[in-house]
Amino acid sequence: MKLTGVELRRIRMPLVAPFRTSFGTETDRDILLLRVVTEEAEGWGECVATGEPLYSSEYVDGAADVLRRYLVPAIVDHPRLDAVAVGSVLAPFKGHRMAKAALEMAVLDAELRGQGRSFGRELGAVRDRVACGVSVGIMDSIGELLDAVEGYLDAGYVRIKLKIEPGWDIAPVRAVRERFGDDVLLQVDANTAYSLADARHLARLDPFDLLLIEQPLDEEDIRGHAELARIVRTPVCLDESITSAAIAADAIRRGACAIVNVKPGRVGGYLEARRIHDVCAAHGVPVWCGGMLETGIGRAANVALAALPGFTLPGDTSASDRYYHTDVTPPFVLDDGHLPVPTGPGIGVQPLPDVLAEVTVASEWLHR
Ligand SMILES: CSCC[C@@H](NC(=O)CCC(=O)O)C(=O)O
Ligand SMILES: [Mg+2]
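What counts and what doesn't
- Residues numbered from 1 in each chain as written.
- Chains lettered and ligands numbered in written order.
- Predicted model: local features only at pLDDT ≥ 70, side-chain atom pairs only at ≥ 80, totals over all residues.
- Heavy atoms only, no water.
- UniProt positions renumbered as here; feature names shortened; annotations may be inferred.
- Helix = DSSP H or I, 4+ residues; strand = E, 2+ residues; numbered from the N terminus.
- Rg over C-alpha atoms; globule rule 2.2 N^0.38 Å.
- Buried < 20%, exposed > 50% of the residue type's maximum accessible area, 1.4 Å probe, protein only.
- Contact = heavy atoms within 4.5 Å.
- Areas by Shrake-Rupley, 256 points an atom, 1.4 Å probe, with all protein chains shown as cover.
- Lys, Arg positive; Asp, Glu negative; His and termini not counted.
- Charge placed at Lys NZ, Arg CZ, Asp CG, Glu CD.
- Phe/Tyr/Trp six-rings, centres within 6.5 Å; stacked < 30°, edge-to-face > 60°.
- Polar contact = N/O pair within 3.5 Å; in protein donor to acceptor, adjacent residues only side chain to side chain.
- Pairing = 2+ DSSP bridges.
- Right-handed = clockwise from strand over helix to strand, strands pointing away.
- Near = heavy atom within 4 Å.
- 1 Å grid on protein atoms, 1.4 Å probe; cavity = no way out; pocket = protein on both sides within 12 Å on 5 of 7 lines; lining within 4 Å.
- Sits in = over half its atoms within 2 Å of the grid points.
- Nonpolar A, V, L, I, M, F, W, Y, C, P; charged D, E, K, R; others polar.
- Points joined across faces, edges and corners; volume = space filled by probe spheres on them.
- Domains from an automatic or database assignment.

- The name that an unreviewed UniProt entry assigns to the protein chain is o-succinylbenzoate synthase, with the source organism given as Rugosimonospora africana.
- On record in UniProt, under Cofactor (unreviewed entry), the comment for the protein chain is "a divalent metal cation".

In structure tokens:
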């Protein structure tokens, strides 16, 4: 493909309710979208970087800068651009995986739209719909949490994930179990809030039969997670730590994780996400699709990824209305606890021009 234009668009999406994790509270999402124009088709990419570098080292302004200054200029003159080429052209630039992922996604979307192939078909989807879990933030009270969980269970979500942190862990898990019973699929996510010294405390979660405990320790502490896994019975799942297929293989071999949360933005794109899926499958490690509060653009691609065979656990692929009153694409609506895998070319959805215009804060052409 020949690139004829790259647009960087910044949008602001208010959340339906504050979303609190162990590293802060979000009330709206400041999101970077990339539109890649080629002679054959246009493609969209969504950068999942957060407003501040609190989930990882990336943040929206930094992603915009590295795309503007380095990543887009590096690919614009490529004679035969495709998504695989993007990864190799950008490899010399260290880090910035979320920025790279957005660019690769936009190129892949354009490439596949031009070929009339869907993301699901390209990535290897084996399902036409995916079972959906939901992530529930830290709340001001147990009562507020139980009301929220009740609402999500009534909506049909097949799995509940509770954000936890020191001081908000055993009690909310116990309350959900006591109120909704032992059959509800339940897991927790600490976003690195604990240390190995908390191992005995975290082992107090074992009686609640959780599916997993996600990223309890620092993202760089692979050894610590391996030691923790020998103390707690609840399966350890890694999120922030897993930034590539090679690191996934190393973490698995070192006993640091029994399950992996796959997030394309965190690992540099959907092609690396598929490689992580393949590595985990080779080691018998189940994966599930994580979320970064994506709009329908990223959500469409995530649902396609979640349809691969190794994605055997419900992901954080919730409906659009989990986070947004109005999505920038036609909304993803939960049906019997599932979302349909888009079948159209590319990501299979298009931004709604009026909604996109309404939420757009800035737009600039990085290449024309
Ligand atoms: C704003 S960053 C949120 C990161 C968090 N994501 C979720 O909890 C799921 C969010 C979603 O449903 O998209 C995680 O660590 O897994
Ligand atoms: Mg997580």
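**Describing the overall build of the protein chain**
Okay, so step 1: When helices and strands are counted, the protein chain shows 13 helices and 13 strands.
Okay, so step 2: In terms of C-alpha radius of gyration, the protein chain reaches 20 Å, essentially the compact-globule figure of 21 Å for 368 residues.
Okay, so step 3: Projected onto the principal axes, the alpha-carbon positions of the protein chain cover approximately 60 × 40 × 35 Å.
Okay, so step 4: Looking at the protein chain residue by residue over its 368 residues, the buried ones come to 60%.
Okay, so step 5: Sequence-distant contacts, at least 24 apart, represent 73% of the contacts inside the protein chain between residues at least 6 apart.
Okay, so step 6: If you sum the accessible surface of the protein chain, you get close to 14,300 Å²; carbon and sulfur atoms cover 50% of it.
Okay, so step 7: The average position of the 38 basic charges and that of the 53 acidic charges among the side chains of the protein chain differ by 4 Å.

**A few points about the packing of aromatic side chains**
Okay, so step 1: Counted under the stated rule, the structure contains six aromatic pairs.
Okay, so step 2: On the numbers, 5.9 Å between centres and 80 degrees between planes, the contact of Tyr152 with Tyr157 is edge-to-face. The pair Tyr152 / Tyr157 is uniform in exposure class, with both members buried.
Okay, so step 3: Measuring from ring centre to ring centre gives 6.3 Å for Tyr323 and Tyr324, while their planes differ by 55 degrees; the resulting arrangement is tilted.
Okay, so step 4: Accessibility expressed as a relative area gives 6% for Tyr323, which makes it buried.

**Here we look at the side chain of His225**
Okay, so step 1: Counting through the fold element by element, His225 comes out in helix 8 (residues 222–231).
Okay, so step 2: There is a polar contact of 2.8 Å between the side chain of His225 and the backbone oxygen of Asp221.
Okay, so step 3: Apart from residues lying up to four places away in sequence, His225 is in contact with Gln215, Pro216, Leu217, Asp218, Val236, Leu238, Ser241, Gly255 and Ala256.

**Here's the deal with the pairing of strand 7 (residues 185–189)**
Okay, so step 1: Burial analysis of strand 7 places four of its five residues in the buried class, which makes it a mostly covered element.
Okay, so step 2: Pairing of strand 6 (residues 159–163) with strand 7 involves five bridges; the strand directions are parallel. Directly across from Ile160, in strand 7, lies its bridge partner Leu186.
Okay, so step 3: A crossover connection joins strand 6 to the parallel strand 7 through helix 6 (residues 170–180); in handedness this β-α-β unit is right-handed.
Okay, so step 4: Of the strand pairs in this sheet, strand 7 and strand 8 (residues 213–214) are connected by two bridges, and their pairing is parallel. Pairing of Val188 across the sheet is with Ile213, part of strand 8.

**Thoughts on the site of ligand 1**
Okay, so step 1: Surrounding ligand 1, one finds 19 residues, the nearest of these being Ser135, Lys161, Asn191, Leu293 and Tyr323.
Okay, so step 2: Between ligand 1 and Lys161, the relevant distance is 2.9 Å, taken from an oxygen atom to a side-chain nitrogen or oxygen of the residue.
Okay, so step 3: A total of 440 Å² of accessible area belongs to ligand 1 in isolation, and the protein chains cover 100% of it.
Okay, so step 4: Under a 2 Å grid-point criterion requiring more than half of the atoms, the pocket assigned to ligand 1 is the largest cavity.
Okay, so step 5: Looking at side-chain class alone, the shell around ligand 1 contains six nonpolar, five polar and eight charged residues.

**Looking at empty space enclosed by the protein**
Okay, so step 1: Evaluated as defined, the whole model comprises two cavities of 30 Å³ or more.
Okay, so step 2: One number sums up the size of the largest cavity: a volume of about 230 Å³.
Okay, so step 3: Lining the largest cavity are 23 residues, with Phe19, Lys163, Gly291, Met292 and Leu293 positioned closest to its centre.
Okay, so step 4: Secondary-structure elements contributing two or more residues to the lining of the largest cavity are strand 1 (3–21), strand 2 (24–38) and strand 6.
Okay, so step 5: Looking at the lining of the largest cavity residue by residue, the classes come out as six nonpolar, seven polar and 10 charged.
Okay, so step 6: Looking at the lining of the largest cavity, you find at least three residues from each of domain 1 (3–116 + 350–367) and domain 2 (121–340).

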